[in-house]
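Structure assessment
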Amino acid sequence: MRTLVIDHPLVTHKLTALRDAASDTATFRSLTDELVTLLAYEATREIRVQPVSVTTPVGTASGVKLAQPVPLIVPVLRAGIGMLDGMTRLLPMAHVGFVGLRRDEESLVASTYADRLPADLTGRDTFVLDPMLATGGTLATVISMLVNRGAASVTAVCLLAAPEGLRHVEAAFAADEVRVVTASVDERLNDKGYIVPGLGDAGDRLFGRI
Ligand code: URA
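Residues numbered from 1 in each chain as written. Predicted model: local features only at pLDDT ≥ 70, side-chain atom pairs only at ≥ 80, totals over all residues. Heavy atoms only, no water.

Notes on the packing of aromatic side chains
As enumerated under the stated definition, the model contains zero aromatic pairs in all. The aromatic ring of Tyr113 is capped on one face by Arg102, whose charged end is 4.5 Å from the ring centroid. (Phe/Tyr/Trp six-rings, centres within 6.5 Å; stacked < 30°, edge-to-face > 60°. Lys NZ or Arg CZ within 6 Å of the ring centre and 35° of its normal.)

Okay, structure coming up:
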């Protein structure tokens, strides 16, 4: 597994505004959308392509197009939905699968309540959208589902990551073609499993408290 922390002034600028407890839902949504598109640019750096030539008005140029099968984007319900538009903006041809996991507030252990993924992912690049890599339990479960179905690569796009979560995923997928792309690795988790300093509950800030 590899971790890529995107060190770019625009990313840090948007992340700083996103962290601000004073940012309202509308601002939080649009900042998330913009930030994901910036992260997606780096997350797709190794996407599979195939060579093509194209006829220009004055000649022939060599180029590439995305390889088949098309990539699969997997937003993790519910907060990952807030990242979907930002990702499909760069990959409009991608297919989208959905996974829902519920985290027990006491044990922090995740269980699956929705699994809408293709049965066979052989040869496919996959992109998991989960804003907060906290304990890593949820992300490790989703990555396992994709690896077990034959995905060629799994790239998790996370707004923020905690060192504890990264260590968890690293230990589980050390030898796999797995990457985590994030805007920041924060200090730690608190005793409620929140990332510190973090940005609070991403799902609540995107969609409101249930
Ligand atoms: N999930 C969140 O939404 N926020 C955190 O800080 C950790 C997990």
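More follows now that the structure is in view.
Some details on the pattern of salt bridges
Per the counting criterion, the structure on display carries eleven salt bridges. One salt bridge connects Asp186 with Arg19, and the closest N-O pair in it is separated by 2.7 Å. Here Asp186 is found in the loop between β11 (178-185) and β12 (188-189), whereas its partner Arg19 is found in helix α1 (residues 9-19), with 167 residues between them in sequence. Notably, a salt bridge pairs Arg179 with Glu46, separated by 3.9 Å at the nearest N-O pair. Of this pair, Arg179 sits in strand β11 while Glu46 sits in the loop between α2 (25-43) and β2 (49-56), and the two are 133 residues apart along the sequence. (Salt bridge = Lys/Arg side-chain N within 4 Å of Asp/Glu carboxyl O. Helix = DSSP H or I, 4+ residues; strand = E, 2+ residues; numbered from the N terminus.)

A word on the nonpolar core
Within the largest apolar cluster, 34 residues are counted, with the highest numbers of intra-cluster contacts made by Leu18, Leu39 and Met87. When contributions to this core are tallied by element, the ones reaching two or more residues are α1, α2, α3 (84-88), β8 (125-129), β10 (153-161), β11 and α6 (202-207). Each residue touching Leu18, except ones within four places of it in the same chain, is listed here: Phe28, Leu31, Thr32, Leu35, Leu159, Leu199 and Arg205. Judged by nonpolar contacts, the second largest core, of 26 residues, contains Leu121, Leu133, Cys158 and Val178. (Core = buried A, V, L, I, M, F, W, Y, C linked by side-chain atoms within 4.5 Å. Buried < 20%, exposed > 50% of the residue type's maximum accessible area, 1.4 Å probe, protein only. Contact = heavy atoms within 4.5 Å.)

As for the site of the ligand
Inspection of the region around the ligand gives Met132, Ala134, Gly193, Tyr194, Ile195, Gly200, Asp201 and Ala202 as its neighbouring residues. Separating an oxygen atom of the ligand from a backbone N or O atom of Ala202 is a distance of 2.8 Å. Within the complex, 88% of the 240 Å² of free accessible area of the ligand lies under protein. (Near = heavy atom within 4 Å. Polar contact = N/O pair within 3.5 Å; in protein donor to acceptor, adjacent residues only side chain to side chain. Areas by Shrake-Rupley, 256 points an atom, 1.4 Å probe, with all protein chains shown as cover.)

Comments concerning the environment of Asp204
Within the fold, Asp204 resides in helix α6. C-alpha of Asp204 to C-alpha of Val109: the two residues are 95 residues apart in sequence and 20 Å apart in space. Not counting residues up to four positions away in its chain, the partners in contact with Asp204 are Arg78, Arg209 and Ile210.

Thoughts on the pairing of strand β6 (residues 98-103)
Of the pairings in the sheet, the one linking strand β4 (residues 72-77) to β6 comprises two bridges and is parallel in character. Within β6, the residue paired with Leu77 across the bridge is Gly100. As paired elements, β6 and strand β7 (residues 110-116) share six bridges and run antiparallel to each other. Of the residues in β7, the one forming a bridge with Arg103 is Ala110. (Pairing = 2+ DSSP bridges.)

Quick word on the packing of α1 against α2
α2 packs onto α1 with a crossing angle of 155° between their chain directions and a minimal axis gap of 10 Å. If you check the angle between α1 and α2, you find them roughly antiparallel. When the axes of α1 and α2 are compared, the crossing they make is left-handed. Residues Leu10, Val11, Lys14, Leu15, Ala17 and Leu18 of α1 pack against Phe28, Leu31, Thr32, Glu34, Leu35, Leu38 and Leu39 of α2. In terms of residue class, the contact of α1 with α2 is made up of ten nonpolar, one polar and two charged. (Axes fitted to C-alpha atoms, helices over the stretch in contact; angles between N-to-C directions. Parallel < 35°, antiparallel > 145°, perpendicular 65-115°, else oblique. Left-handed = near helix turned anticlockwise from the far one by under 90°. Nonpolar A, V, L, I, M, F, W, Y, C, P; charged D, E, K, R; others polar.)

Focus: the side chain of Arg124
You can see Arg124 is positioned in the loop between β7 and β8. Within the buried core, Arg124 has no salt-bridge partner, and the shortest N-O distance to an opposite charge, that of Asp120, equals 8.2 Å. A polar atom in the side chain of Arg124 sits 2.9 Å from the backbone oxygen of Val70. (Lys, Arg positive; Asp, Glu negative; His and termini not counted.)

Here's the deal with unusual backbone geometry
Leu77 connects to Arg78 through a cis peptide bond whose omega is 0°. Examined against the element boundaries, Arg78 turns out to sit in the loop between β4 and α3. For the bond from Val196 to Pro197, the omega torsion is 0°, close enough to zero to count as cis. Note on placement: Pro197 falls in the loop between β13 (195-196) and α6.

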